[in-house]
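Examining the three-dimensional arrangement
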Amino acid sequence: METGLSCVGRFWSLLSFLAASAASIGYFMPFWLQGIIRHDEGDFDTHLGVFRRCNYLIPVTDSAARRPVTIVVRECGRYTTFWDIPGVWWQTATVTIGVGCGLSILVAFSALLCCCVRDSMSKNLARMAGVVQLVSGILIAVGCISFAAGWNNIEIKTACGQSAHSFHNGSCRISWAYFTTIGGGTALFISSGLSFFAAKRKGGYQRVAPKDKICRTEI
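Conventions and cut-offs
- Residues numbered from 1 in each chain as written.
- Predicted model: local features only at pLDDT ≥ 70, side-chain atom pairs only at ≥ 80, totals over all residues.
- Heavy atoms only, no water.
- Helix = DSSP H or I, 4+ residues; strand = E, 2+ residues; numbered from the N terminus.
- Expected span 1.5 Å × (residues − 1).
- Buried < 20%, exposed > 50% of the residue type's maximum accessible area, 1.4 Å probe, protein only.
- Contact = heavy atoms within 4.5 Å.
- Disulfide = S-S within 2.5 Å.
- Axes fitted to C-alpha atoms, helices over the stretch in contact; angles between N-to-C directions.
- Parallel < 35°, antiparallel > 145°, perpendicular 65-115°, else oblique.
- Left-handed = near helix turned anticlockwise from the far one by under 90°.
- Nonpolar A, V, L, I, M, F, W, Y, C, P; charged D, E, K, R; others polar.

Along its 22 residues, helix H1 (residues 7–28) runs 32 Å from first to last C-alpha, staying within 8% of the 32 Å computed at 1.5 Å per residue. For H1, the full list of buried residues reads Gly 9, Trp 12, Ser 13, Leu 15, Ser 16, Ala 19, Ala 20, Ala 23, Ser 24, Gly 26 and Tyr 27. Lining the buried residues of H1 we find helix H2 (88–114), helix H3 (123–149) and helix H5 (176–194).

Printed below as a string of structure tokens:
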């Protein structure tokens, strides 16, 4: 079936889907940094993401001793509210990567739809999709940089040691979800370039002469 996509366009639609999937999965998963929290109960591995975390400390009030104590929550979950995300850098990363992933998903599903619908893609539409992917890649890149810039917050100090600061993760180890998000953002930049070669036909309408029109010439 004629779809309006070239061979490059079919590869572009597949790469767009993979890029959006990688960036979104990495964004949602809390495995961006892996560190250790030390507690009276022992040492526990902890994982931190832009808005989710696993095995973390929370302060509670001991009803018997009537004093605040800290307990370890051994599960994964998001911060209760947006303002509970530690630091403006991580809040910025949450917003920018979230918006970037949303835009990339929109383009990815539109590109896949064009593989099934006849004459649904034109060069102008493909270029517009490429521009949206470029914006998505920039937003994700800004978010990943903002995440590293926020490595001086209290969550990082607790898990990675006092030596941690902006762009220095201390004793923590960068985990797979961070690399997956970066990889998805990089693939979006590549997809943006491929979009200029994705369509076979130009955009706009072409005027076609009616079949029954008779052209007369005077002699």
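The structure having been displayed, the exposition proceeds.
Moving on, we come to the environment of Cys 101. Tracing the backbone shows Cys 101 in helix H2. The exposure class of Cys 101 is buried, given its relative accessible area of 4%. Considered as a pair, Cys 101 and Ser 24 are 77 residues apart in the sequence and their alpha carbons are 5.6 Å apart. Discounting chain neighbours no more than four positions away, the residues touching Cys 101 are Ala 23, Ser 24, Tyr 27 and Ile 140.

Bringing the environment of Gln 162 into the picture now. Among the structural elements, Gln 162 can be located in the loop between helix H4 (154–160) and strand E5 (173–174). Residues Gln 162 and Asn 152, spaced 10 residues apart in sequence, show a C-alpha to C-alpha distance of 8.7 Å.

What follows covers the state of the cysteines. Every disulfide links exactly two cysteines, by a covalent bond between their sulfur atoms. Scanning the model with the defined rule gives 2 disulfides in all. Residue pairing for Cys 54: its cysteine sulfur links by disulfide to Cys 76, the two sulfurs lying 1.7 Å apart. Judged by the sign of its S-S torsion, about 110 degrees, the cystine formed by Cys 54 and Cys 76 is right-handed. With Cys 54 in strand E3 (residues 52–62) and Cys 76 in strand E4 (residues 67–78), this pair connects stretches of sequence that are 22 residues apart. For Cys 54, a relative accessible area of 3% gives the class buried. For the protein chain, the disulfide bridges join cysteines in the arrangement 1-2, 3-4, where the cysteines are counted in sequence order. Sulfur of Cys 101: no disulfide; nearest cysteine sulfur belongs to Cys 144 and is 8.8 Å away. For Cys 144, a relative accessible area of 6% puts it in the buried group.

One can describe the packing of H2 onto H3 by two numbers: an axis separation of 8 Å at closest approach and a directional angle of 155 degrees. Of the possible angle classes, the one that applies to H2 and H3 is roughly antiparallel. H2 and H3 meet at a crossing whose hand is left-handed.

As for its placement among the helices and strands, Phe 31 is situated in the loop between H1 and strand E1 (33–39). Residues Phe 31 and Leu 48, 17 residues apart in the sequence, show an inter-C-alpha distance of 5.9 Å. Setting aside chain neighbours within four positions, we find Phe 31 in contact with His 47, Leu 48, Cys 54, Ser 175, Trp 176, Ala 177 and Tyr 178.

Here the focus is the packing of H1 against H5. Between H1 and H5, the least distance of the axes is 7 Å, while the angle of their chain directions is 155 degrees. By the criterion of interaxial angle, the relationship of H1 to H5 is roughly antiparallel. Handedness of the crossing formed by H1 with H5: left-handed. Touching Val 8, Phe 11, Trp 12, Leu 15, Ser 16, Ala 19, Ala 22, Ala 23, Ile 25, Gly 26 and Tyr 27 of H1 are Trp 176, Ala 177, Thr 180, Thr 181, Gly 184, Ala 187, Leu 188, Ile 190, Ser 191 and Leu 194, all from H5. Residue composition of the contact of H1 with H5, by class: 15 nonpolar, 6 polar and no charged.

Positive phi values are uncommon outside glycine, yet Asn 55 reaches one of about 55 degrees. In this structure, Asn 55 sits in strand E3. Non-glycine residue Phe 167 carries a positive phi angle of around 65 degrees. Mapped onto the secondary structure, Phe 167 falls in the loop between H4 and E5.

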